[in-house]
Amino acid sequence: MSIVTVQLGQCGNQTGHEVFSALCSDIRGTHGLCSKKENQSYQDSCKERFFCEEESAVPVARAVLVDMEPKVISQTLSKAARSGHWKYSSHSHFCQKQGSGNNWANGYSVHGPRHQEAIMDLVQKEAEKCDRLGGFFTIMSMAGGTGSGLGAFVTQCLRDAFPTSFILNHVIWPYGTGEVIVQNYNSVLTLSHLYHSSDALLVHENDVIHKICAQLMNIKQISFRDVNQVIAHQLGSVFQPTHTAGGGSGYSRNPLGDLMETLVPHPEFRMLGLRNIPQMPESSLAYSTFSWPGLIKHLRQMLIANAQMEEGIDWQVRPPQPGSSIPSTNKPLHFNTSIANLVVLRGKDVHAVDLGSFQDPSLYTSWLNPQDAFNAWKTPRAFNKYEKSAALVSNSQFLLKPLDSIVGKAWNMFASKAYLHQYTKFGIQEEDFLDCFTTLEQVISSYTNL
C-alpha cells in the first residue's frame, strides 16, 4: 500500500525532502547485509510505499508540497532533482507569494479556505496514482503560521475527503526558548485541532534532536538541515519495510494501519514518540560493534526513564513493583508509564533477539493486556549502514512535561490577552481558544492518570 506525504510550510518541506533522501539512499545502498532476494523485496516494498515510477525511471516521491511562499518549495524541488536518484513530481506543489506571518489564524482561517480546492485537487491526483492508498502522512511544525494553521486545516479536509484512510501527522515541536513569540498559541491551536481530525500525532521535539546532534553526532554548528536529517533517519527507521508479527513471510502491506492498530487502542491517547538506537556519525560506524542485548537494555531504560537518547539515561528509574503505588512526590524517579509500545529491529540476527523485557506488565497501564500493548517488527535488512539498529515508537507519558509547559505559557499570555487581536482579526475568537485549552487539559489529565 502507498502513503501520500503532504509537506506543509517551510519546516515540513525541508524535513520532507530529507525524509525522501534518507529513504532513497537507504534502498540504493548495497549495505543490506541480507540475501539478494530479501534486499529486492525490501526495495520493491519501499518504492511502492513512497515513490511511483515514471518513464524516466527516476523514482518520483508520492508527495504534495504546500507553502504560502515560493522560496522553500523551489529550493526543495531543485535539490531533489539535482540528486539524480529521485525527484518530486513537477505538478504536485502549491505555493503563494505572501506567507502566513507566523499567525495560525491566518493559515487556518484565510489561506486554508481560500486555497482548499487547489490543494485538495493535488492530493486527490496523488491519491489516484496509488494502486492501493494506505493513508496520509503530513509533516509540519507547530510554531509558525503555514505548517501549523494551514496544516490543521488541510488535515481536516483530508479527514472529510478520505474518511476511511489513516492520517498520521508528524509534528515538530518548537524549541523551548522559542523562535516565534506566539509559538505557544500556535502550538495549542494546532495540537487541539489535530487531536480531533488525525488518527495519531508523531512528535519530534526540536530541543531533543538538537541535543542528539550535539552529543551523539558531534556536530559543532548545528543547522536546521542537521536537525532534519536526524528526524528523517528516525522516521525512516520506522517506515521502511519490515515483517510484522503475524504478517507471514512478506513485508507488511499497510504501515500506517499497522502502526495505528498497534499503538492507538483508544482515541483519547494519540501522542506517539520515537526513539532510536544507536545514533552516531557515519565515520564512527566502522569502529563500533553492538550486541542486541545491550541495545535492547538501553532502549528499555530510555523508555521507562523517558530518556531521548542513549547518553545520560537515568538508570535509577525502575518499574513500580506490582501492588505498590508510587507517591507522586517521588518526581526524580518518576516512571514513564506506557499504553502501547512498538519496537522495530533491523539488521543482523534480528530473529534471535529476546524482547521479553518489553512485555513486563509493570511498564503498561492496567487496562491493557501486555500481550496486546507490545508489538515488534523485524527485518534482517540493515538500515542506513547500521549493522544493527532498533527504533521504539511509544504511546506513553513522554510528552506530559512539554505539553503542560506549552499550555501553561499559552494560558498565561491568554489570561492577559496578549496578542489576541492578531488572531481575532482573522476570526479566531476567545471561545475558540478556550475550547482548545479544554481539549488539551483533557489530554494532559488522561495521560497523567495512567
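Cut-off values and rules
Residues numbered from 1 in each chain as written. Predicted model: local features only at pLDDT ≥ 70, side-chain atom pairs only at ≥ 80, totals over all residues. Heavy atoms only, no water. UniProt positions renumbered as here; feature names shortened; annotations may be inferred. Axes fitted to C-alpha atoms, helices over the stretch in contact; angles between N-to-C directions. Helix = DSSP H or I, 4+ residues; strand = E, 2+ residues; numbered from the N terminus. Parallel < 35°, antiparallel > 145°, perpendicular 65-115°, else oblique. Contact = heavy atoms within 4.5 Å. Phe/Tyr/Trp six-rings, centres within 6.5 Å; stacked < 30°, edge-to-face > 60°. Buried < 20%, exposed > 50% of the residue type's maximum accessible area, 1.4 Å probe, protein only. Lys NZ or Arg CZ within 6 Å of the ring centre and 35° of its normal. Salt bridge = Lys/Arg side-chain N within 4 Å of Asp/Glu carboxyl O. Pairing = 2+ DSSP bridges. Domains from an automatic or database assignment. Buried area = accessible area lost by both parts, 1.4 Å probe. Polar contact = N/O pair within 3.5 Å; in protein donor to acceptor, adjacent residues only side chain to side chain.

The name given to the chain in an unreviewed UniProt entry is Tubulin delta chain, with Promerops cafer as the source organism. As its UniProt record puts it under Sequence similarities (unreviewed entry), the chain is described as follows: "Belongs to the tubulin family." For the chain, the Function (unreviewed entry) comment in UniProt is given as "Acts as a positive regulator of hedgehog signaling and regulates ciliary function."

Caption draft 1: Spatial organisation of the packing of helix H5 (residues 146-161) against helix H6 (residues 183-197). With their axes 9 Å apart at the nearest point, H5 and H6 run at an angle of 5° to one another. The orientation of H5 with respect to H6, classified from their angle, is roughly parallel. In this structure, H5 uses Ser 148, Ala 152, Thr 155, Gln 156 and Arg 159 to contact H6, whose residues at the interface are Asn 186, Thr 190, His 193, Leu 194 and Ser 197.

Caption draft 2: Structural detail: the side chain of Ser 338. On the secondary structure map, Ser 338 appears in strand E11 (residues 338-347). Residues within four places of Ser 338 in sequence aside, it is in contact with Leu 303, Leu 363, Tyr 364, Thr 365, Ser 394, Asn 395 and Ser 396.

Caption draft 3: Focus on the packing of aromatic side chains. Evaluated as defined, the whole model comprises 21 aromatic pairs. Ring geometry for Tyr 42 and Tyr 251: centres 5.9 Å apart, planes at 70°, overall edge-to-face. Of this pair, Tyr 42 sits in helix H2 (residues 36-50) while Tyr 251 is found in the loop between helix H8 (224-239) and helix H9 (255-263), placing the two residues 209 residues apart along the sequence. By relative accessible area, which is 10% here, Tyr 251 ends up buried. With 5.5 Å between their ring centres and 40° between their planes, Trp 411 and Phe 414 make a pair best called tilted. Here Trp 411 and its partner Phe 414 are both found in helix H13 (residues 400-415), 3 residues apart, which amounts to about one turn of the helix. On the basis of relative accessible area, Phe 414 is assigned to the buried category, the value being 7%. Members of the aromatic cluster, each reached through a chain of ring pairs, are Tyr 185, Trp 411, Phe 414, Tyr 423, Phe 433 and Phe 437. Seen from the ring of Tyr 195, Arg 270 lies directly overhead, with NZ or CZ sitting 5.9 Å from the centre. Just above the ring of Phe 383 sits the side chain of Arg 346; from NZ or CZ to the centre is 5.8 Å.

Caption draft 4: Looking closely at the pattern of salt bridges. Summed over all chains, the structure comprises 8 salt bridges. Where Glu 18 meets Arg 225, a salt bridge forms, and the shortest distance between an N and an O atom there is 3.0 Å. Remark: Arg 225 occurs in helix H8 and Glu 18 occurs in helix H1 (residues 9-28); sequence separation between them is 207 residues. In this structure, the salt-bridge partner of Glu 387 is Lys 348, at a minimum N-O distance of 3.5 Å. Of the two residues, Glu 387 sits in the loop between strand E12 (374-379) and strand E13 (388-396) while Lys 348 sits in the loop between E11 and helix H12 (370-373), which places them 39 residues apart along the sequence. For Lys 348, a relative accessible area of 41% corresponds to the partly exposed category.

Caption draft 5: Fine view of the sheet that holds strand E10 (residues 271-277). Read across the open sheet, the 10 strands follow the order E6-E4-E1-E7-E8-E9-E10-E13-E11-E12; overall the sheet is mixed. Two strands in the sheet have a free side with no partner beyond their single neighbour: strand E6 (93-95) and E12. Going across the sheet, the axis of each strand differs from the next one's by a mean of 20°, ignoring polarity. The sheet contact formed by E11 and E12 spans 6 bridges and is parallel. Note on E12: the bridge partner recorded for Leu 342 is Asn 375.

Caption draft 6: Just the domain arrangement of the chain, in detail. According to the domain assignment, the chain consists of domain 1 (2-271), domain 2 (282-323 + 330-399) and domain 3 (401-449). Averaged C-alpha coordinates put domain 1 and domain 2 at centres separated by 24 Å. Taken together, the 42 residues of domain 1 in the interface contact 32 residues of domain 2. For the domain 1 and domain 2 pair, buried surface summed over both sides reaches about 3,300 Å², with 66% attributable to carbon and sulfur atoms. When the buried surface of domain 1 facing domain 2 is broken down by residue, Thr 262, Leu 263 and Met 271 rank first, second and third, together holding 17% of it. Of the charged contacts, one joins Arg 381 and Asp 26 as a salt bridge, the two residues approaching to 3.0 Å between their closest N and O atoms. Connecting domain 1 to domain 2 are 11 residue pairs in polar contact (both at pLDDT 80 or more).

Caption draft 7: Spatial organisation of the sheet that holds strand E5 (residues 87-88). Taken in spatial order, the 3 strands line up as E2-E3-E5 in an open sheet, and their pairing is mixed. Strands with a single pairing partner mark the edges of an open sheet, and in this sheet they are strand E2 (51-52) and E5. Summarising the sheet, strand E3 (residues 60-61) and E5 pair through 2 bridges and their orientation is parallel. Bridge pairing in E5 links Val 60 to Lys 87.

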